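Listed below, chain by chain, are the residues.
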Amino acid sequence: MTRNLLKHDSVSDFLEILATFGELHGPVLTEDGVTAFRPLGPGIDLFLTYDRTLIPPKKYLLPPRDTVLTFAPDEDYRLPVAAVSETILVGLHPCDLQGIAYLDKVFMGDRIDPLYHARRTALTLIGLSCEPDENCFCGDLSAAETHGCDLFMRQLPDGFSLRDNTPKGTAILNRLTPILAEGEPPEAASRTCAMAAAIQQASARGETYGESALWDEFAGRCLSCGACSLCCPTCYCFDVREYGALDGETTMRLREWDNCLFKDHGEVAGGFNFRKSRQERFQYRYRHKYLGFGPTRGIVSCVGCGRCRVVCPVGIDLLELFKEHDDEKRP
Amino acid sequence: MRNDRDPTIAPLPATIIGLKTLSADTALFRLTLENSEGDRFDFNPGQFIQLSVPSGGEVPISLAGPPRLHNSFEVCVRRVGHVTDMLHRLLPGDRLGVRGPFGNGFPLGEWTGRNILLIAGGLGIAPLRSLLYALLMQREGFGEITLMYGAREPSAILFKEELAELSGRRDMHLFLTVDFAQEESPSGLACNTGLLPTLLRGVNFGTTNTVAAVCGPPALYRCILEELQELGIPAEHIYLSLERRMKCGVGLCCHCAVGDLFCCSDGPVFSYSQLKGISGAI
Ligand SMILES: Cc1cc2nc3c(=O)[nH]c(=O)nc-3n(C[C@H](O)[C@H](O)[C@H](O)COP(=O)(O)OP(=O)(O)OC[C@H]3O[C@@H](n4cnc5c(N)ncnc54)[C@H](O)[C@@H]3O)c2cc1C
Ligand code: SF4
Ligand code: SF4
Ligand code: FES
């Protein structure tokens, strides 16, 4: 028996203690009925039985618009003096944690992005176990559910069992001891998902299903609205734009979320486009999600959160590709 | 330490110290970095910089001059849009920002002892000029060196005086062609009319043990790759420099992905054998 059980009636004390470590954010149900990661505070209830948020937690690390450089004639280009405050993000599902672990690989791998790094080090992640719904396909994530989070909360009938994974997590757990009860040592439940396994296998084979008739079907319906990539926890591609101030001298360079489903993504000077057709753009996104690019080559970046299936206004579901393939193999 | 002074992240201040108009829309800029490291700006031909024009933005531009020039380097830029327009309005003494050099460049080290064929279409001459000078600087290391350069029309031929000088050299071959021959003759240079593939077909030069480096618009690649292979140059000895609209230059923004490669960090120079199976690469 260890002192790691957070009973349901201690959750508000828990949040109070967490808030002493930094600005507290978590999933809430907004007035518009959308689940979103928001700042928590008096009168804003943490919503721990949520399925998925609309916008993934990547917004904390890669804001939709971010100043990357400032320019003034006497200073030249400079990195912005980022005012990054300690943030505690509570209630992250394993898929979202894995999404952050993927972004960490990209932005803090060989080449460390200073802005991402500053935000990431100021971010404390508190994971939460979840129950999959019909749109999830995260597969064996549960086995590695902690995915680098600082503290993990496993849902139990009478509350949550807590497990610390990092020194940050241990520091928090130590402060929580007074409000915790004796509980069983948490056991990581394992969950398998046929779809996730099929994707992993296809990726290992470098399979792109180039011949599938589904591409035409998808591309025929797709609106190029970009929602599927906007809401994807691992889509991170960005555009860079420079905005001059009215004084005509100082400028700010911003990076903004971009979208490979937009037509101008593959364009070069003179108007030539390497991905002119919607189908090409569609397949391009597929390749990236499931086969990886650049330094993340071979790593499946789809974490199975199901957001893209939920948000697509015309019901496009890339998993049909894998299903189709599976069906062919069945007698 | 990655910080303000890291040229992969924050552009280093540079000054325009030379400016030469090459055609109606293209000019050669000579730049020098203002920091102390600027007295040596080393790069491999085929590498590029991310060039910042304050208030305009940043664009990838090939290093066009010979490498290891003391204290300065050259870029050849065509005015095609927002940023390059602003650049063309600047004068010597004006300041820019420079990140880089980025990318791999041409693998000169692997080419020792081989014949080298350079094929430039239009602005593709920019990186190949750098490559040519690098080859000529170590002339004894290579076999025959041939430059084939095609431009839209005589007035679009860049570096005319230099080409005239090069055409007099005995240690290399130079062939020029223009798509359309209009009224103007290219200042006394011997010049063919027709597209580069036609030129290639009509010329005799050693193709065994030959490495080809190609740079130009996508249309050029589409029509010249077959020709080169028919001449007996294998796909792994054909090198292409690809263009993409680059945003970060360092493998982060995904704008330049070519298959599962990044043009900015795995390229921009790829062998044709690397690109063959990738849809949308060329
Ligand atoms: C590795 C590499 C090396 C390069 N080397 C050189 C070099 O040595 N010299 C050189 O001159 N160039 C070079 N380029 C190309 C150069 O980067 C581009 O010409 C430059 O980025 C154009 O920037 P711009 O802001 O001036 O043009 P932009 O404003 O981006 O416009 C470029 C063209 O695209 C059109 N355009 C822009 N946005 C859109 C849109 N949304 N829809 C339709 N059309 C649009 C514009 O009308 C314009 O004609 C290189 C590129 C790469 C990748
Ligand atoms: S591709 Fe879809 S299911 Fe996969 S991580 Fe992105 S949004 Fe989630
Ligand atoms: S959400 Fe659906 S319609 Fe919109 S871009 Fe994605 S696949 Fe196309
Ligand atoms: S330019 Fe950003 S990834 Fe290559």
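Please refer to the structure placed before this passage.
Our subject in this report is the structure included herewith. Owing to the predicted nature of the structure, the values given are computational and were not obtained by experimental measurement.

Turning our attention to the interface of chain B and chain A. Facing the 40 residues of chain B at the interface are 41 residues of chain A. Contact between chain B and chain A buries roughly 3500 Å² in total, counting both sides, with carbon and sulfur atoms accounting for 55%. One can count four salt bridges joining chain B with chain A. We note a salt bridge from Asp 266 of chain B to Arg 297 of chain A, for which the minimum N-O separation is 3.3 Å. Inspection of the region where chain B meets chain A yields 12 residue pairs in polar contact (both at pLDDT 80 or more). When residues of the side of chain B that touches chain A are traced back to their parent elements, those giving at least two are β3 (48-53), β4 (57-62), β6 (95-102), α5 (218-230) and β14 (261-262) of chain B. Residue composition of the side of chain B that touches chain A, by class: 18 nonpolar, 10 polar and 12 charged.

Below, the discussion takes up the nonpolar core. Judged by nonpolar contacts, the single largest core of 128 residues is most densely connected at Phe 14, Val 90, Met 153 and Leu 176 of chain A together with Trp 111, Leu 228 and Leu 240 of chain B. Take this core: its biggest share by element is eight residues, from helix α2 (residues 125-137) of chain B. Residues within four places of Trp 111 of chain B in sequence aside, it is in contact with Phe 106, Ile 116, Leu 131, Leu 135, Phe 142, Val 211, Ala 213 and Tyr 239 of chain B. In terms of nonpolar packing, the next biggest core, distinct from the first, is built from 23 residues, Leu 33, Val 53, Val 59 and Leu 63 of chain B among them.

Moving on: the environment of Ile 278 of chain B. Residue and element names in this part refer to chain B. Mapped onto the secondary structure, Ile 278 falls in the segment after α6 (272-275). The exposure class assigned to Ile 278 is buried, which follows from its relative accessible area of 16%. Linking Ile 278 and Gly 259, residues 19 residues apart in sequence, is a C-alpha distance of 5.6 Å. Beyond its immediate stretch of four places on either side in the chain, Ile 278 contacts Val 258, Gly 259 and Leu 261.

Residue and element names in this part refer to chain B. With antiparallel pairing, six strands are arranged side by side in an open sheet as β4-β3-β6-β1-β2-β5. Bordering the open sheet on either side are β4 and β5 (73-78), each of which pairs with just one other strand. With strand direction ignored, the average angle separating the axes of adjacent strands in the sheet is 40 degrees.

A separate point is the site of ligand 3. Around ligand 3 sit 13 residues, and of these Cys 222, Cys 225, Gly 226, Cys 228 and Cys 312 of chain A come closest. Tallied by class, the residues present in the shell around ligand 3 amount to 11 nonpolar, two polar and no charged.

Tracing the sequence through the fold places Thr 210 of chain B in strand β11 (residues 210-215). In contact with Thr 210 of chain B, not counting residues within four places along its chain, are Asn 115, Leu 117, Ile 233 and His 237 of chain B.

What counts, and at which threshold
- Residues numbered from 1 in each chain as written.
- Chains lettered and ligands numbered in written order.
- Predicted model: local features only at pLDDT ≥ 70, side-chain atom pairs only at ≥ 80, totals over all residues.
- Heavy atoms only, no water.
- Contact = heavy atoms within 4.5 Å.
- Buried area = accessible area lost by both parts, 1.4 Å probe.
- Salt bridge = Lys/Arg side-chain N within 4 Å of Asp/Glu carboxyl O.
- Polar contact = N/O pair within 3.5 Å; in protein donor to acceptor, adjacent residues only side chain to side chain.
- Helix = DSSP H or I, 4+ residues; strand = E, 2+ residues; numbered from the N terminus.
- Nonpolar A, V, L, I, M, F, W, Y, C, P; charged D, E, K, R; others polar.
- Core = buried A, V, L, I, M, F, W, Y, C linked by side-chain atoms within 4.5 Å.
- Buried < 20%, exposed > 50% of the residue type's maximum accessible area, 1.4 Å probe, protein only.
- Pairing = 2+ DSSP bridges.
- Axes fitted to C-alpha atoms, helices over the stretch in contact; angles between N-to-C directions.
- Near = heavy atom within 4 Å.

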